[in-house]
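So you can see what is in the structure, the chains are spelled out below.
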Amino acid sequence: MDPLLAAVDLGSNSFRLSIGRVVQQEGNAQIYAVDRLKESVRLAAGLDASNVLAEDAIERAIAVLHRYGERLAGFPEHSVRAVATNTFRVARNVSEFLPRAEKALGFPIEIIAGHEEARLIFSGVANELPPSPNRRLVIDIGGGSTEVIIGKGYEPQRLASLYMGCVSFTQRFFANGRITAARMEQAQLAARQELESISRQYRKAGWQEAYGSSGTAKGILAVLQDAGLSKKGITLDGMEKLKAQLVKDGKANVANLPGLKVSRAPVLAGGLAIMLAAFQELKIDVMLPGEGALRVGVLYDLLGRDLQHDKRDETARQFIKRYNTDARQAARVRQIALDLYRPLAIDEREKEAFAKTLGWAATLHEIGMSIAHADYHKHSAYILEHADMPGFSNDDQILLAWFALCHRGKLNKSKPQDITLAQWLTLLCLRLAVLLSRSRENLSTLPLKVKTQGGAIELAAKKSWLATHALSAYSLRAEAAEWRKNGFDFTLREV
């Protein structure tokens, strides 16, 4: 039985419990989520002016920890790590609160420093993103503190923990829930003042990708997208429009803000002010959501391993095993697809990225057969879009699911937005590879080539091979007709 690890993240706004299953294969280990619990506690709201934590806030926390303790019953102590963040750090009566909290949970609770929190946050985000040579900026706006990290690979290079959070700013500037232009301005100025201490060195270090890993970032993004204020990611323009709506309504009105959860509404203004300040001080253009954060970083810290490899390759290997896929057929389709793809005249940056996507799609296109052979491509697509796939982003999974859905049959199925010609060509190579591998036997030579010039696509097939493979010849002609039917300039030529 695969071992289980558990991470408990006791934040200033929410408490989270994550349980992961450790799967070992070929010397590598992967953590797959088994269970996740999250409860809004708003612990920071219980701090008074002297940083003494009120009894009612303590009781809210103890009640949640009792429930978490029940879920963790039977776990060995070395498999559980509970970390507490800013409110525990600043509460003057923490020495009285901590023993009660540990008794309720049933495990020791470690109060971590701001920099350690930042390190674990970056580890969690990095382990849930595809590998990249780029520097990454990660911002995590918690309830009582905000962590700002620049790192590369799995290693943080700059770490900062700032004393401001969505709960503490809500209490300070929006205590009665009323939002005005003056209050928002004061909150932004206060946040910019906190950020001034790091902004120059962070801008000098630079980054190529920015991610928001907190509930604040995800909450803002959900509203921006559902309200049509941003096409992709968090932007300064989108947040300014959101701020204007909040000021107009005078409060965070869930009815006027599609995508806003009721539990997030009370702290939205405080979190938005901090995020606006971060964009202004650090000159951020766009920010994408980062999964994992502190709880995932804690899990990988428990595992204690060095992940200098592409997690997506490991996930694909695990899926082959999990779904009892024909590994030889997967490898056969993958090789043919890549052989067809490599000579194509595609922008080199796109080509390299889509080659990896093509490899994973070819490897995993038959996993739906574990459910049923009939419509297996639909089952494969569902799994690839909805399963937990460590290392893959949501966008990665949506694209993989589309490849799986369209690797056979009609092309005019639902597709992700803004599919490029390069992605269509990638899909073509997958479809042709599946067609050529129908007998589930290896090919001695590749009987056709794909060429493209401008928007035109030409499929050159050996005449002698077509003459001796009637079914394949029929299928290739049907394939060409399907592409033409969908508006492509597509030619099948015998050579």
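A quick note: this is a predicted structure, and the numbers were derived from the prediction, not measured.

How should the overall build of the protein be read in this particular structure?
Broken down by element type, the protein carries 18 helices and 14 strands. Computed over the C-alpha atoms, the radius of gyration of the protein is 26 Å, within 12% of the 23 Å expected from 2.2 N^0.38 for a compact globule of 495 residues. For the protein, the C-alpha atoms occupy an extent of roughly 85 × 50 × 40 Å along the three principal directions. Within the protein, buried positions represent 54% of all 495 residues. For the protein, restricting intrachain contacts to residue pairs at least 6 apart in sequence, the fraction spanning at least 24 positions comes to 68%.

In this structure, what is going on with the side chain of R16? I would like to understand it.
In this fold, R16 is placed in strand β2 (residues 14–25). No salt bridge is formed by the buried R16; its nearest oppositely charged neighbour, D9, is found at 4.1 Å.

Would you take a moment to explain helix α5 (residues 166–173) for this structure?
Since the α-helix turns once every 3.6 residues, residues separated by three or four places project in the same direction. Those residues of α5 that fall on the buried side of the exposure criterion are C166, V167, F169, T170 and F173. The arc that holds the buried residues of α5, viewed along the axis, is 165 degrees, so those residues lie on one side. Buried residues belonging to α5 abut β6 (135–141), α6 (181–205), α7 (215–226) and α9 (268–282).

Could you clarify how one ought to interpret the state of the cysteines in this entry?
Here, disulfide denotes a covalent bond that connects the sulfur atoms of two cysteines. Per the stated rule, a full pass over the model turns up zero disulfides. In this model C429 remains outside any disulfide bridge; the closest cysteine sulfur is found in C406, 15 Å from its own.

How should the pairing of strand β4 (residues 80–84) be read in this particular structure?
In the case of a regular strand, side chains alternate between the two sheet surfaces. Where burial is concerned, most of β4 is hidden: five out of the five residues are buried. The alternating pattern of β4 places V80, A82 and A84 and R81 and V83 on opposite faces, both of which are buried. Judged from the five bridges that link them, strand β1 (residues 4–10) and β4 form a sheet pairing that is parallel. Paired with D9 across the bridge in β4 is V83. Pairing geometry for β4 and strand β5 (residues 109–111), over three bridges, is parallel. Each residue of the ladder has a partner; that of A84, found in β5, is I111.

Would you mind going over the packing of α5 against α9 with me for this structure?
The interhelical angle for the contact between α5 and α9, taken along N-to-C directions, is 105 degrees, at an axis separation of 7 Å. Here α9 runs roughly perpendicular to α5, going by the angle between their axes. For the pair α5 and α9, the contacting residues are C166, F169 and T170 in the first and G270, G271 and I274 in the second. Looking at the contact of α5 with α9 residue by residue, the classes come out as three nonpolar, three polar and no charged.

What exactly am I supposed to notice about the packing of aromatic side chains here?
Pairs of aromatic rings are described using the distance from one ring centre to the other and the angle between the two planes. Taken as a whole and assessed by the stated rule, the structure comprises 10 aromatic pairs. Note on W483 and F488: the rings are 4.9 Å apart at their centroids and 70 degrees apart in plane angle, and the pair reads as edge-to-face. Note on W483: relative accessible area 0%, which makes it buried. A connected cluster of aromatic rings, assembled from ring pairs, spans W402, F403, W424, W483, F488 and F490. Taking the ring centre of F169 as reference, the NZ or CZ of R172 above it sits at 5.7 Å. Directly above the ring of Y32 sits R322, whose terminal nitrogen or CZ lies 4.6 Å from the centroid.

Where do I start with the side chain of S145 in this structure?
You can see S145 is positioned in the loop between β6 and β7 (146–152). Engagement of the side chain of S145 in a polar contact is seen with the side chain of E147, the distance being 3.0 Å. Filtering out sequence-adjacent residues up to four positions away, S145 remains in contact with N86, R89, E117, D140, S161, L162, M164 and G165.

It is not clear to me how the packing of helix α1 (residues 55–71) against helix α3 (residues 94–105) should be interpreted in this structure. Could you clarify?
A pair of packed helices is characterised by two quantities: the angle between their axes and the separation of those axes. Their axes nearest at 7 Å, the elements α1 and α3 cross at an angle of 25 degrees. Relative to α3, the element α1 lies roughly parallel. Every pair of crossing elements has a handedness; the one defined by α1 and α3 is right-handed. Judged by residue contacts, E55, I58, A61, I62, L65, H66, Y68 and G69 of α1 engage F97, R100, A101, A104 and L105 from α3.

Can you walk me through unusual backbone geometry in this structure?
Most of the time, phi is negative for any residue but glycine, and the peptide bond is trans. Residues other than glycine seldom take positive phi values, yet N51 does so here, at roughly 65 degrees. By the secondary structure assignment, N51 is in the loop between β3 (28–40) and α1. One non-glycine residue, K283, lies in the positive phi region at around 60 degrees. Checked against the element boundaries, K283 lands in the loop between α9 and β11 (286–289).

Is there a simple way to explain the pairing of β6 in this structure?
Among the seven residues of β6, six are classified as buried, and the element is accordingly described as predominantly covered. Counted between consecutive antiparallel strands, the loop separating β6 from β7 contains four residues.

Criteria and cut-off values
Within each chain, residues carry numbers counting from 1 in the order of the written sequence. Two thresholds apply to this predicted model, a pLDDT of at least 70 for residue-level local features and 80 or more for giving and counting side-chain atom pairs, whereas whole-chain, interface and lining totals are computed over all residues. As a rule here, side-chain values cover all heavy atoms of the structure and leave hydrogens and water aside. Strands are runs of DSSP state E lasting at least 2 residues, helices are runs of H or I lasting at least 4, and numbering of each runs from the N terminus. Taken over C-alpha atoms, the radius of gyration is set against a globule rule of 2.2 Å times the number of residues to the power 0.38. Three labels apply to residues, based on accessible area from a 1.4 Å probe with only protein chains included: buried if under 20% of the type maximum, exposed if over 50%, partly exposed otherwise in between. When checking whether two residues touch, look at their non-hydrogen atoms; a contact exists if any pair is within 4.5 Å. In this count, Lys and Arg are taken as positive residues and Asp and Glu as negative ones, while His and the chain termini are left out. By definition, a salt bridge exists where a carboxyl oxygen of Asp or Glu is found within 4 Å of a side-chain nitrogen of Lys or Arg. It is the directions from the helix axis to the C-beta atoms whose arc is reported. Only a pair of cysteine sulfur atoms within 2.5 Å counts as a disulfide in this structure description. At least two bridges found by DSSP between two strands is the condition for calling them paired. Lines are fitted to the C-alpha atoms to define the axes, a helix being fitted only along its stretch in contact, and any angle between axes, read from their N-to-C directions, falls within 0 to 180 degrees. With respect to orientation, any angle under 35 degrees is reported as roughly parallel, any angle over 145 as roughly antiparallel, any angle of 65 to 115 as roughly perpendicular, and every other angle as oblique. Residues are sorted three ways: Asp, Glu, Lys and Arg are charged, Ala, Val, Leu, Ile, Met, Phe, Trp, Tyr, Cys and Pro are nonpolar, and all the rest, Gly among them, are polar. Any two of the Phe, Tyr and Trp rings considered here, Trp counted by its six-membered ring, make a pair once their centres fall within 6.5 Å; the pair's planes then place it as stacked at under 30 degrees, edge-to-face at over 60, or tilted in between. Note on geometry: a ring has a charge over it if NZ (lysine) or CZ (arginine) is within 6 Å of the ring centre and within 35 degrees of the ring normal. Under this definition, polar contacts are N or O atom pairs within 3.5 Å; protein pairs additionally need one hydrogen-donor-capable and one acceptor-capable atom, and for neighbouring residues in sequence, both atoms have to be side-chain atoms. Left-handed describes a crossing in which the near helix is turned anticlockwise from the far one by less than a right angle; the clockwise case is right-handed.

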